[in-house]
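So the chains spell out like this:
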Amino acid sequence: MELSNGGDIIGNTVGDNDNHENGDVSASNGVNGVHNGDHVVCHADVAGAPESNEGHYLVAGKDIQAGDVILSEYPIVTGPLYTRSKPVCLQCLKKLTGPDNVVICERCKAPLCSLKCSTGKWHTMECKVLENAGYEISIQNWEADCPIYSCITILRALLVEQANPAHWKILQTFMDHDQDRAKKDSPTWKIHEKLVFSFITGNLELKNIDQVAIRRMIGVIRTNAVKLETRVGYGEGVALYPTYTYANHNCMCNTHTRKHKDLRLDLIAHSDIIKGETIWTRYTTPQIGNFQRVEDIQKTWHFTCTCARCSDPTEFGTMMSGLICGPECQGILLPLRSTLVGSPWCCSVCKRKLGVLAIQKIVKEVIDQIGDKRNGSNEELMSLIQELSGSKVHPNHYLLIGIKEILLQRMMWCINNKTIYSGLSDKDKVDCLELRTKLFSEIVEILTLVDSKGAPWKEKLEKMRKEETEKKAEILQNN
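Attention here is on the structure that accompanies the text. (Residues numbered from 1 in each chain as written. Predicted model: local features only at pLDDT ≥ 70, side-chain atom pairs only at ≥ 80, totals over all residues. Heavy atoms only, no water.)

Now for the overall build of the chain. Looking only at helices and strands, the chain has 15 helices and 17 strands in total. Here the chain has a C-alpha radius of gyration of 23 Å; the compact-globule value for 479 residues is 23 Å, and the two agree. If one aligns the C-alpha atoms of the chain with their principal axes, the spans along those axes are about 65 × 60 × 50 Å. Across the 479 residues in the chain, those meeting the buried criterion constitute 52%. Of all intrachain contacts in the chain linking residues separated by at least 6 positions in sequence, the fraction that spans at least 24 positions is 67%. For the chain, the centre of its 56 positive side-chain charges and the centre of its 59 negative side-chain charges are spaced 3 Å apart. (Helix = DSSP H or I, 4+ residues; strand = E, 2+ residues; numbered from the N terminus. Rg over C-alpha atoms; globule rule 2.2 N^0.38 Å. Buried < 20%, exposed > 50% of the residue type's maximum accessible area, 1.4 Å probe, protein only. Contact = heavy atoms within 4.5 Å. Lys, Arg positive; Asp, Glu negative; His and termini not counted. Charge placed at Lys NZ, Arg CZ, Asp CG, Glu CD.)

See below:
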């Protein structure tokens, strides 16, 4: 499953400790746990079969309590985002902004961020191949997407066959949805496949890798890759995990993930799970409304989610996808069947019906408005929320949550950057802290209604409020 990164901002609003251990973390009879030092945790068993409707899935290998770490593991393979990427260090994904801030690998001549990264585990996977082929990555525009980077992760996954046969065996069990993709793939995806094939078999002269293998690996990564945390100064990346990949989706799942800078992924129970019960994750984030989420799930993972939230057009009364009927009517437009992509919509008051094309047009207009002001000032974004709320979209609409996430990210950056924060006036510090808590509080109020039982949103909010109180006390003490 590819986990959307839409929730990373608010998922890490108060910061998770990279050294945090929670619950029972003694290594047990893990299924596919990948060792990095002695740190492996697995209290899950793989069930099901690839030919069944559910495919493989995870069940609890023991009774698990809320807060326990179910699984903690490192990836089989990781690399730059496979759809698009600006130039990044092939080892750590740090953004490369120009020829003056790069180190050239002595062997393959690839641009990296440091000498240390030139001998890193992940870059080493393709380094020898690039060197043998005499292929040098050439960057014409350091600010633009570079197509070669979208091939690297797929190449690394294919090289696992020779580098680590045990990991390759695991990769072969992952679903690729080949038949579904053959029916539904857009022309863009077909061009992407040709680019990867040309790079691997042409530029790198790896004739032992055929188009069938390349197409399958593209499908495996599209279906199963987890997006890494987005960090300031770093590009987007993905990773394939050996056991977590088997976890199936439910919007009302019983776990959440914690991602660490060293790429370790922890799967944590946020409710009790009895031995043998299914361990659910989610492939999308809870702050995405039904209108986008249902279609994303069908398009990427090729199934229809029929959970309680997806089946409820009101999304438990939050109206997260609701649109305002019009100037003459303040009723809420919602789909008649929220699990059906293309369903007609109906106003809750005047009963006017609109087709999906008309709805898509309204949503696109709102998205375009947000896009135009995305890089604007905080005041402009706050004004945009006020402008759209209640006039075009319901005040709880997921697109407004998206604007608040942008603002939250800015507040977090100011607060966590010691240089920036220390340079602010006392008033600006207080304003920044209060706005961050206000925005997050508004989001949490919605998410606690639509997310699964035990999801730690209120705990995160309390942690943020505590930090705000402490920092305000520091400001007063320093005066």
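This brings us to helix 3 (residues 121–133). By the largest-angle criterion, C127 marks the main kink of helix 3, which is about 30°. Of the positions making up helix 3, those classed as buried are W122, H123, M125, E126, C127, V129 and L130. Structurally, helix 3 contributes buried residues whose contacts are with strand 5 (77–80), strand 7 (111–112), helix 2 (115–118), helix 4 (149–163) and helix 7 (187–203). Directly after helix 3, the chain includes G134, whose backbone phi takes a positive value near 65°. (Bend = angle between axes of the 7 residues up to and from the residue.)

Here we come to the state of the cysteines. For the coordinates displayed, the defined rule picks out zero disulfides. The thiol of C105 is not disulfide-bonded; the next cysteine sulfur, from C108, is found 3.7 Å away. Take C105: its relative accessible area is 1%, and that puts it in the buried class. There is no disulfide at C432, and the cysteine sulfur nearest it, in C414, is 4.8 Å away. (Disulfide = S-S within 2.5 Å.)

Spatially, four strands are ordered 2-3-13-10 in an open sheet, and the strand pairing comes out mixed. What marks the edges here is a single partner per strand, and that holds for strand 2 (44–48) and strand 10 (248–249). Bridge analysis of strand 10 against strand 13 (residues 278–281) gives two bridges, and the strand direction is parallel. From the neighbouring strand, H249 faces strand 13, where its bridge partner is T281. (Pairing = 2+ DSSP bridges.)

Remember that side chains alternate between the two faces of the sheet whenever the strand is regular. Note that strand 11 (residues 255–259) and strand 12 (residues 265–269) share five bridges and pair antiparallel. In the sheet register, R258 faces strand 12, and the bridge partner there is D266. The hairpin turn running from strand 11 into strand 12, its antiparallel successor, is five residues long, and L263 in that turn takes a positive phi close to 80°.

Glancing now at the environment of A133. With respect to the helices, strands and loops of the structure, A133 is situated in helix 3. You can call A133 partly exposed: its relative accessible area is 22%. Distance in space between the C-alpha atoms of A133 and G202 is 9.6 Å, their sequence separation being 69 residues. Apart from residues lying up to four places away in sequence, A133 is in contact with N203 and L204.

Under the 1.5 Å per step criterion, the end-to-end length of helix 9 (residues 290–301) is 15 Å for 12 residues, consistent within 8% with the ideal 16 Å. Regarding helix 9, the residues found buried are N290, F291, R293, V294, I297, Q298 and W301. Each element contacted by the buried residues of helix 9 is listed here: helix 6 (178–184), helix 8 (211–224), strand 10, strand 16 (345–347), helix 10 (356–373) and helix 12 (398–416). Immediately downstream of helix 9, the backbone of H302 shows phi near 60°, a positive value. (Expected span 1.5 Å × (residues − 1).)

Now for the packing of helix 10 against helix 12. Running from N to C, helix 10 and helix 12 point in directions that differ by 10°, and their axes come no closer than 11 Å. Judged by the inter-axis angle, helix 10 sits roughly parallel to helix 12. Mapping the contact onto sequence places V363, V366, I367 and I370 in helix 10 and Y398, L399 and I403 in helix 12. Tallied by class, the residues present in the contact of helix 10 with helix 12 amount to seven nonpolar, no polar and no charged. (Axes fitted to C-alpha atoms, helices over the stretch in contact; angles between N-to-C directions. Parallel < 35°, antiparallel > 145°, perpendicular 65-115°, else oblique. Nonpolar A, V, L, I, M, F, W, Y, C, P; charged D, E, K, R; others polar.)

Looking at the element boundaries, T245 is found in the loop between strand 9 (237–240) and strand 10. A residue is classified by how much of its surface remains accessible, and T245, at 6% relative accessible area, is buried.

Another aspect to go through is the packing of helix 14 (residues 426–450) against helix 15 (residues 457–477). Geometrically, a packed helix pair is captured by the angle between its two axes and the distance between the axes. With their axes 10 Å apart at the nearest point, helix 14 and helix 15 run at an angle of 170° to one another. Considering their axes alone, helix 14 and helix 15 lie roughly antiparallel with respect to each other. Contacts from D426, K429, V430, L433, E434, R436, T437, F440, S441, V444, L447 and T448 of helix 14 reach helix 15 at W457, K458, K460, L461, M464, R465, E467, E468, K471, K472 and I475. Here the residues of the contact of helix 14 with helix 15 sort into nine nonpolar, three polar and 11 charged.

This part takes up empty space enclosed by the protein. This structure, assessed with the given rule, holds two cavities of 30 Å³ or more. By volume, the largest cavity amounts to about 170 Å³. Taken together, 17 residues line the largest cavity, and the ones lying closest to its centre are F291, S338, L340, V341 and G342. Going through the elements one at a time, helix 9 and helix 10 are the ones with two or more residues in the lining of the largest cavity. The element contributing the most residues to the lining of the largest cavity is helix 9, with four residues. (1 Å grid on protein atoms, 1.4 Å probe; cavity = no way out; pocket = protein on both sides within 12 Å on 5 of 7 lines; lining within 4 Å. Points joined across faces, edges and corners; volume = space filled by probe spheres on them.)

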